[in-house]
Amino acid sequence: MDLNLNRADYLQVGVTSQKTMKLLPASRYRATQKVVVGDHDGVVMCFGMKKGEAVGSDVMYEIEVPGPPTVLALHNGNGGDSGEDLLFGTSDGKLGLIQITTSKAIHKWEIRNEKKRGGILCIDSFDIVGDGVKDLLVGRDDGMVEVYSFDNANEPVLRFDQTLSESVTSIQGGCVGKDGYDEIVVSTYSGWVTGLTTEPIHKESGPGEELKINQEMQNKISSLRSELEHLQYKVLQEREKYQQSSQSSKAKSAVPSFSVNDKFTLNKDDASYSLILEVQTAIDNVLIQSDVPIDLLDVDKNSAVVSFSSCDSESNDNFLLATYRCQANTTRLELKIRSIEGQYGTLQAYVTPRIQPKTCQVRQYLIKPLSLHQRTHFIDHDRPMNTLTLTGQFSFAELHSWVVFCLPEVPEKPPAGECVTFYFQNTFLDTQLESTYRKGEGVFKSDNISTISILKDVLSKEATKRKINLNILYEINEVSVKHTLKLIHPKLEYQLLLAKKVQLIDALKELQVHEGNTNFLIPEYRCILEEADHLQEEYKKQPAHLERLYGMITDLFIDKFKFKGTNVKTKVPLLLEILDGYDQNALIAFFDAA
């Protein structure tokens, strides 16, 4: 019997990847099914057919989670007892469970990433402990595998963790290696499939079993040795073939190809960017170049040796040149940087693996004008806000492209509709930004004058490039300056105290050696000596942190008076003197009197 099928085009979305479309189960009230499809623009579309037309389903509600979600899975594989429980993992390493009801979402539990581990790439539910309750299996992009069990209150408890040398791309529980022994099977970025099995390495052997075990081990070793010899022979053959072809007069230079798995994400917890580079073969070195000022922060997991080259920022726009030389068999490198808002440009990574002939790949990452801002769903509307209003002959798409240029985590494609509102939070200062725009008008509100100043300068420049005339109006709320200074106060006070303690450590150690004990010291100084290693480590992790805070206060001072048409740069040295002998009231009084 012939099969005849006729094509019917329903809808076109953005570019799609594999396994990004599903049909929803048919309901009792409707014979036809709905379609859900996700595209590269970050849009998830759900539609059904009605009278021959595709029918923009309405979003029931949105749920805010503590970071950009990278993986979703039904709890226990079936949604738990209610069938509504959804597990999520985020790019900054957080894990949580939400109950999705018909009317609202209920946050059940959340695991913060206190140990600063990698982002979550995969999760599964499987009873690996063997107590009849499914455990939660987690794979992270730093190679960490975790197992969480659930206590009597259904709260997750970490039961096992182990680090592999590369990112874990898939994870599942089952029985593969030997009957009767469950295991966790994972695949890694470069292609390794590995099991973490419950089978013990050292077994209790009864009479006569020891010989059997030894024979099994010898057979396994013999098989591995044979496989290794075969691989070595194949490598030798291929090497000879390559050398012969390269010496031939007709030979063409062949550059070996290799894939780079990279990720550049903003960490909300410490207002820094993580740059993760992973290669399928060992990395020889990575050169980091930036045309804007950035700080490189220490990463505990990074064993590479870093060296810095001098830069001439005036003649060639190089503010940073650093080379990371990796140890043997390193396939993954993690860096942390902190940018300065208002300074925008490009960060480039030149990745060179340990392969012959030598080759290199370049990866580029944009440092945006408001690079330390992160999308959020809600802001505090009771804060004192400054307002920037832009009007002119520009389209909705044009203004959206300017917002994409300025801020992270905004989709490239303009959202559906005639108007859109995005909320942002500054991860360093906790100030906020509200942006609402439509064709011909954009309104930006922030409790930080410097944020408004940066937006005004950048958006004006972008409009000028496109020869678009902008009408710019701004309303400055004087109360917002004091508000921002109060937000900065605890951070500045902590950093000043930390710097003071670190400066005292060497002198206190000399006194301790000279006197033979610390009994003569006041409790405060004894405490500094006891915590010396921790204090120095904390200070080392935050280079230029104090200078950054000084810079933000200076920018706030200049921006406040810039909107009044007054240039106060000559008063900056006096401001820095006040900061060196910091007193919050004196600083606020200086801002008011200047």
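Residue indices begin from 1 for each chain and proceed along its sequence in written order. Since the coordinates come from a predicted model, pLDDT governs what is reported: local features require at least 70, and pairs of side-chain atoms require 80 or more to be given and counted, while whole-chain, interface and lining totals use all residues. The basis for the side-chain values is all heavy atoms of the structure; hydrogens and waters are excluded.

1. Let's talk about the overall build of the chain
Regarding its fold elements, the chain presents ten helices and 31 strands. Dimensions of the chain along its principal axes, counting C-alpha atoms only, are 90 × 90 × 75 Å. Sorting the 594 residues of the chain into buried and exposed places 41% on the buried side. Of the accessible surface of the chain, which amounts to about 34900 Å², a share of 50% is contributed by carbon and sulfur atoms. Side-chain charges of the chain comprise 65 positive and 82 negative groups, with the mean position of each set lying 5 Å from the other. Numbered from the N terminus, helices here are DSSP runs of H or I no shorter than four residues, and strands are runs of E no shorter than two. Think of it in three bands: with a 1.4 Å probe and only protein chains considered, a residue is buried below 20% of the maximum accessible area for its type, exposed above 50%, and partly exposed in between. All accessible-area figures derive from a Shrake-Rupley calculation using a 1.4 Å probe, and residue coverage is judged against the displayed protein chains alone. We score Asp and Glu as negative and Lys and Arg as positive, and we do not count His or the chain ends. Lys charges are placed at NZ, Arg charges at CZ, Asp charges at CG and Glu charges at CD.

2. A word on the sheet that holds strand E9 (residues 105-111)
Taken in spatial order, the four strands line up as E6-E7-E8-E9 in an open sheet, and their pairing is antiparallel. What marks the edges here is a single partner per strand, and that holds for strand E6 (69-74) and E9. Along the sheet, successive strands turn relative to each other by an average axial angle of 25 degrees, direction set aside. Criterion used throughout: strands pair if DSSP finds at least two bridges between them. Note: strand E7 (residues 85-90) against strand E8 (residues 95-100), five bridges, orientation antiparallel. Considered in E8, the bridge of phenylalanine 88 is made with glycine 96. Inter-axis angles, ranging from 0 to 180 degrees, are taken between N-to-C directions of lines fitted to C-alpha atoms, where helices are fitted over the stretch in contact.

3. A closer look at the sheet that holds strand E23 (residues 332-339)
Reading across from one edge, E17-E18-E23-E20 is the order of the four strands in this open sheet, with antiparallel pairing throughout. The strands lining the two open edges of the sheet, one partner per strand, are strand E17 (260-267) and strand E20 (294-297). Here the strands of the sheet are splayed against their neighbours by 25 degrees on average, with no regard to which way each runs. As paired strands, strand E18 (residues 272-279) and E23 are joined by six bridges and run antiparallel to one another. Counted as the bridge partner of serine 274 is lysine 336 from E23.

4. Re the packing of helix H9 (residues 572-580) against helix H10 (residues 584-593)
Between H9 and H10, the least distance of the axes is 9 Å, while the angle of their chain directions is 165 degrees. Comparing the axis directions of H9 and H10 gives the class roughly antiparallel. In the packing of H9 onto H10, the handedness of the crossing is left-handed. Two secondary-structure elements touch here, H9 through Leu574, Leu575, Ile578 and Leu579 and H10 through Ala586, Leu587, Phe590 and Phe591. Under the scheme applied, nonpolar residues are Ala, Val, Leu, Ile, Met, Phe, Trp, Tyr, Cys and Pro; charged residues are Asp, Glu, Lys and Arg; polar residues are all the others, including Gly. Residues of the contact of H9 with H10, tallied by class, amount to eight nonpolar, no polar and no charged. These descriptions rest on fixed angle ranges, namely under 35 degrees for roughly parallel, over 145 for roughly antiparallel, 65 to 115 for roughly perpendicular, and the rest for oblique. Crossings are sorted by hand: turned counterclockwise from the far helix by less than a right angle, the near helix makes the crossing left-handed, and turned clockwise it makes it right-handed. Note on contacts: a residue pair is in contact if any heavy atoms of the two residues lie within 4.5 Å.

5. Examining the nonpolar core
As used here, the term nonpolar core means buried Ala, Val, Leu, Ile, Met, Phe, Trp, Tyr and Cys residues forming a set that is joined through side-chain atoms within 4.5 Å. In this structure, Leu275, Ile288, Leu347, Leu492, Ile553, Leu587 and Phe591 are the most contacted members of the largest nonpolar core, which totals 83 residues. It is helix H8 (residues 545-562) that provides the largest number of residues to this core, a total of eight residues. With residues near it in sequence (within four places) discarded, leucine 347 still touches Phe264, Leu275, Ile288, Gln289, Ser290, Ile294, Ile337, Arg363, Gln364, Tyr365 and Ile367. Grouped together as the second largest cluster of nonpolar side chains are 13 residues, Ile120, Leu136, Tyr148 and Phe150 included.

6. Some details on the UniProt feature "coiled-coil region" (unreviewed entry) in the chain
As annotated in UniProt, the feature "coiled-coil region" (unreviewed entry) corresponds to residues 214-241 in the numbering used here. Between the end C-alpha atoms of residues 214-241 the distance is 41 Å, and the span holds 100% helix and 0% strand. UniProt positions are given in the numbering used here, feature names are shortened, and annotations may be inferred rather than shown by experiment.

7. So, the pairing of strand E27 (residues 386-392)
Regular strands place side chains that alternate from one sheet face to the opposite one. With six of seven residues buried, E27 is to be regarded as a mostly interior element. Where E27 and strand E30 (residues 441-446) come together, six bridges link them in antiparallel fashion. Bridge pairing in E30 links asparagine 386 to serine 446. By the bridge criterion, six bridges tie E27 to strand E31 (residues 470-475) in an arrangement that is antiparallel. Bridge pairing in E31 links glycine 392 to leucine 470.

8. Here we look at helix H4 (residues 449-465)
To estimate the expected span of a helix, count its residues, drop one, and scale the result by 1.5 Å. Here H4 spans 25 Å end to end across 17 residues, near enough to the 24 Å set by a 1.5 Å rise per residue. Taken as a whole, H4 has its buried residues at Ile449, Ser450, Thr451, Ile452, Ser453, Ile454, Leu455, Val458, Leu459, Glu462 and Ala463. Whenever two N or O atoms come within 3.5 Å, that pair is a polar contact, provided that in protein one can donate a hydrogen and the other can accept it, and provided that, for residues adjacent in sequence, both atoms are side-chain atoms. A side-chain oxygen of the first residue of H4 lies 3.0 Å from the backbone nitrogen of serine 450; this N-cap is asparagine 448.

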